[in-house]
Structure formats: structure tokens, C-alpha cells
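Architecture at a glance
Now for the letters of each chain:
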Amino acid sequence: MTPADTGASTSVDAAPAVSAPDVPETPDSRMAPGGPGYRRMSLALFLAGVATFALLYSTQALLPLISGDMGVTASDASWTVAAATGGLAVFVLPMSALSERFGRRTVMTGSLAVAVTVGLLVPFAPSLPALVALRAVQGAALAGLPASATAYLAEEVRPRALVTAIGLFVAGNSVGGMSGRVITGWVAQEWGWRVAVGIIGLVAVACAVAFRLLLPAPKHFTPGSLRPRVLVRTVRDHLADPLLRRLYAIGALFMTVFGGVYTVIGYRLTEAPFSLPQGLIGSIFLVYLVGTVSASTAGRLVGRLGRRGALYLGAGTTAAGLLLSLAPSLPLVLLGLVLITAGFFAGHAVASSAVGKTAQHGRAQASALYQSAYYVGSSAGSTVGAVAFHSGGWAGTVAVGVLAVLGVVAITVSGSLAARRQAGGAAPVKALSLSR
């Protein structure tokens, strides 16, 4: 190890004449809180998160209205959500490969441009199949955002600030999800679901323009290869990593809960004993503000409890919310949604930031695999949650969510046990990272 690595002199009982000269350390030029470009970057990616979730889930709060307008069941209407998240899950890996070659900012800009264009066409869909097809294209376009944003942050932000920076991006997701549902709820109550999704499209256009103007040009990006063999080898390496596999599964299971709950909650609240109008149902999604807070504070949570403790807390909070939501009381249902939202966003922020720290190469592909698993969980949650609601009511949807939370706990426990088995030897830091 060189003196620059250790900070020690190379001379041992040697004359001063042969001492190594002091070599100044190269300053870390990556962004950090309070430094140049950090605020612009944070705001830009926050707005990208707003646009992504607002577009991705623009029909979720409107499913009862879409069912009534098109004469379809809850399970059929839920495909307008599942198609978008499924399209994202399928295309996130190819889009991440493009970002390795052409740059994170370029791919994110192109993805948003296509997604907002499709968003302006969605209100004119003449039938459910056409609507589902447009939503699938929109989801595929949005696939360029999540993995590229995480990789951009991993390259351009100092490691100590990474969890906080990713938490802010996730917080933008929560604000987008909340504002999209609240706006569509009230607009749809007066003018119908088509006008509502059109308004969301216009909001996303404004976010996309601001994002492109604000995001600093990358300084630490090195173009990679588009060769399929290289991509396959990178993906294989990531899937061979036990920690990354656990993180992918945790993200998928957390999103299974969240996707199922928020796809079905509108149907539950339109029925007795609640019988709420569409505008009030849309306002229920203001609880996403809780997710904004829990995601943005995930870094401090990990600092106090470690990753394992933070994941247990997120899972426990989510489970408590699921059980509380079974009560036939609107205040208790709302409190349950608050807990579900807080637990989900905290767990997601912790798991996604761990992926960025764990991957030593091909960070965009590592993040893409996480996002793919995450949105597969969303599609599965939307579909299975709706089917469970159709057959067993809200209790059926809650049962699906509880099983998913138990899966998160089981995976976290298995990671802790694996770390303990390796603790007796020279265990790699990576293998132990879920136990810190």
C-alpha cells in the first residue's frame, strides 16, 4: 500500500533526506449536501420522481370510474396499472444498458419525453384494450428513469450522502403518486377520468422540462459497452451475489403489498360502510406525504438501527397497518394506510440504496434488476390483490399483503444468519452489509 493510501511515511529509522514527500490527497469532486450542484441535482431528480409515479399510477385512483365507464370488473380495470408497471419491469434492464452506453442524463431525458407524449394520448383511448396497450408503452418508456437515476446518484454523489440522495428521489416518487391520485380524484369527480389523466400528462410535461434544465451534466460517467455478451455477464454476476438477490426479493415483496393495497382501496371505500365520493377517495392518497418523510429520513434510520433493523421496522410498520385497515372505521383505515405507506417507503429506500452501494460494477444493471423485481412485485400485487378482493373482500387483499411482509422478514433473517456464519472468518463486507 502506498503512502497516499495509508497516510504514513515510507521511511523506517531512515534519514530525513530519503523520506517520501507529502502527496496532497485528491479532493472528492462528487456532489455532497451544501456543495455546488447538489440542490439542483436533488430538485431535478425529485421532479423526475414526481413525473414517474404520477404517470405510472395515473389510473389507479380512477379504477372504479374506469370500470363503470367501460363496463369492466375490478380485475379487468386493474390491468391499466399492471400493464404500466409490467412494461417498466420488462424494459428496465435494456434501458439501463442504453444508459451505460449513452449516459444517464440522456436516457432519462428521452424516457421522460416519450412517457409524457404517451400520457397526452391516454385520455383518448377508445377501449380498455387500447388503454392497456398505451399504458404498457408508457411503462416501458418510464423504464429509463429509475435505474438510470440510481446509477447517476451512485456515480455523482459522495457515498456518505447516497442514502439521503436516493431517499429524496424516492420522496419525489411518493409526492408524484400522491399528487397524481389527489388531482385525478377531484378532477374526475367533476369532468370524468379522461380529463383527469390528461391533467396529469400536462403536469408531467412541466416536470420533464424542469428536470432537463436543472440536472447537472455528469462528471464521473464512463461509457460502457452495448455488446449483449457483456450485458449478460454483468447480469449474471449480479444475480450470483446473494446479497443483491435478497435485496431484489425484498423490493418485490414490499411493492406487492403496496401495489395490492392502493389498487383495491378505491373499490373498498366506494362500498358500504364508507360510500365515499371519488374526490374524497382521491384525497385519501395524501397519506403519501408520510412516505415522503419516511423515505427522506431513511439515511438517519439506517445510521441508528443498521440496515437489518431498518428493514425489520419497515416490515413491522407495514404489517401493523395492514391489520389495522381491517377495521370497519374510516379513521382506523386511514391510520392503517399511513402505517403501510411509511413502512413501505422506508423499506424501499433502504433496499434500493443498498443495491447502489453493493454493486462494484454495472451499477445501472444492478439497479435495473432491483427495479425490475420491484415492478414485477407491483404488477403482481395489483393483479393478485384485485383477484383476492373479488373473491374474499378486503380481508383477502390484506392476507396477500401479510404473506408478502412475512417474506421480507424471512429474507432479512436469512441474510443475518448468513452473515453470522461468515463472521467467524474473514467475511467480505458485502456479505455482512444487511446486518449493519
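Bear in mind the structure is a predicted one, so any value in this text is a computation, not a measurement.

**What about the overall build of the chain?**
The secondary structure content of the chain amounts to 18 helices and zero strands. Scored against the burial criterion, the 436 residues of the chain give a buried share of 55%. Contacts in the chain between residues far apart in sequence, at least 24 positions, make up 83% of those at least 6 positions apart.

**Brief notes about the nonpolar core**
Judged by nonpolar contacts, the single largest core of 125 residues is most densely connected at Met41, Leu45, Leu153, Tyr262 and Tyr375. For this core, the leading source of residues is helix 12 (residues 242-270), giving 16 residues.

**Let's talk about a positive patch on the surface**
Taken together, the side chains of Arg227, Arg229, Arg233 and Arg236 define a basic patch exposed on the protein surface. Examined against the element boundaries, Arg233 turns out to sit in helix 11 (residues 228-239). For Arg233, a relative accessible area of 38% puts it in the partly exposed group.

**Some remarks on unusual backbone geometry**
A cis amide bond links Ala272 with the next residue in sequence, Pro273, at an omega value of 10°. Residue position: Pro273 is located in the loop between helix 12 and helix 13 (278-283). At Ser275, a position not held by glycine, the phi torsion is positive, near 50°. You can call Ser275 partly exposed: its relative accessible area is 47%.

**Section: the environment of Ala418**
Mapping Ala418 onto the fold places it in helix 17 (residues 363-423). The exposure class assigned to Ala418 is buried, which follows from its relative accessible area of 13%. As for Ala418 and Pro242, which are separated by 176 residues in sequence, their C-alpha atoms are 9.5 Å apart.

**Considering the pattern of salt bridges**
Evaluation of the coordinates by the stated rule reveals two salt bridges. Here Glu155 makes a salt bridge to Arg104, at a shortest N to O gap of 2.3 Å. You can see Glu155 sitting in helix 8 (residues 146-156) and its partner Arg104 sitting in helix 6 (residues 104-121), a full 51 residues away along the chain. Note on Glu155: relative accessible area 12%, which makes it buried.

**Regarding empty space enclosed by the protein**
Evaluated as defined, the whole model comprises three cavities of 30 Å³ or more. Looking at the largest cavity, its volume works out to about 80 Å³. Around the largest cavity sit Thr52, Pro146, Thr150, Ile166, Phe169, Val170, Asn173, His348, Ser352, Gln371, Tyr374 and Tyr375, which together line it. Elements with a minimum of two residues in the lining of the largest cavity: helix 8, helix 9 (162-191), helix 16 (330-358) and helix 17. With four residues, the top contributor of residues to the lining of the largest cavity is helix 9. Among the residues forming the lining of the largest cavity, the class breakdown is six nonpolar, six polar and no charged.

**Structural notes on the packing of aromatic side chains**
Counted by the stated rule, this structure contains nine aromatic pairs. Centre to centre, the rings of Phe258 and Phe345 are 5.5 Å apart; their planes meet at 75°, and the pair counts as edge-to-face. With Phe258 in helix 12 and Phe345 in helix 16, this residue pair connects regions lying 87 residues apart in the sequence. Take Phe258: its relative accessible area is 2%, and that puts it in the buried class. Judged by relative accessible area, which is 0%, Phe345 ranks as buried. Centre to centre, the rings of Tyr267 and Phe389 are 6.5 Å apart; their planes meet at 40°, and the pair counts as tilted. Here Phe389 lies in helix 17 and Tyr267 lies in helix 12, a separation of 122 residues in the sequence.

**Notes on a nonpolar patch on the surface**
On the surface, a nonpolar cluster with roughly 540 Å² of combined accessible area is contributed by Leu120, Trp191, Val195, Ile199, Leu202 and Val203. Top contributing element to the nonpolar patch by residue count: helix 10 (residues 193-214), with four residues. The topology assignment puts Leu202 in helix 10.

**Considering the packing of helix 5 (residues 79-102) against helix 6**
Contact geometry of helix 5 with helix 6 gives a least axis separation of 7 Å together with a crossing angle of 135°. Relative to helix 6, the element helix 5 lies oblique. Of the residues in helix 6, those touching helix 5 at Met95, Leu98, Ser99, Glu100 and Phe102 are Arg104, Thr106, Val107 and Ser111. Partitioning the contact of helix 5 with helix 6 into residue classes produces four nonpolar, three polar and two charged.

**Quick word on the environment of Thr117**
Its location among the elements puts Thr117 in helix 6. Judged by its relative accessible area of 47%, Thr117 is partly exposed. Along the sequence, Thr117 and Gly201 sit 84 residues apart, while their C-alpha atoms lie 7.9 Å from each other.

**Section: helix 12**
With 29 residues, helix 12 ought to run about 42 Å at 1.5 Å a step, and its terminal C-alpha atoms sit 44 Å apart, in line with that. The largest bend along helix 12 measures about 35° and falls at Val264. The buried fraction of helix 12 is high, at 24 of 29 residues. One side-chain oxygen of the residue at the start of helix 12 lies 2.9 Å from the amide nitrogen of Leu243, identifying that residue as Asp241.

What counts and what doesn't
Residues numbered from 1 in each chain as written. Predicted model: local features only at pLDDT ≥ 70, side-chain atom pairs only at ≥ 80, totals over all residues. Heavy atoms only, no water. Helix = DSSP H or I, 4+ residues; strand = E, 2+ residues; numbered from the N terminus. Buried < 20%, exposed > 50% of the residue type's maximum accessible area, 1.4 Å probe, protein only. Contact = heavy atoms within 4.5 Å. Core = buried A, V, L, I, M, F, W, Y, C linked by side-chain atoms within 4.5 Å. Patch = residues over 30% accessible without salt bridge, like charges linked within 9 Å, V, L, I, M, F, W, Y side chains within 5 Å. Areas by Shrake-Rupley, 256 points an atom, 1.4 Å probe, with all protein chains shown as cover. Salt bridge = Lys/Arg side-chain N within 4 Å of Asp/Glu carboxyl O. Lys, Arg positive; Asp, Glu negative; His and termini not counted. Charge placed at Lys NZ, Arg CZ, Asp CG, Glu CD. 1 Å grid on protein atoms, 1.4 Å probe; cavity = no way out; pocket = protein on both sides within 12 Å on 5 of 7 lines; lining within 4 Å. Points joined across faces, edges and corners; volume = space filled by probe spheres on them. Nonpolar A, V, L, I, M, F, W, Y, C, P; charged D, E, K, R; others polar. Phe/Tyr/Trp six-rings, centres within 6.5 Å; stacked < 30°, edge-to-face > 60°. Axes fitted to C-alpha atoms, helices over the stretch in contact; angles between N-to-C directions. Parallel < 35°, antiparallel > 145°, perpendicular 65-115°, else oblique. Expected span 1.5 Å × (residues − 1). Bend = angle between axes of the 7 residues up to and from the residue. Polar contact = N/O pair within 3.5 Å; in protein donor to acceptor, adjacent residues only side chain to side chain.

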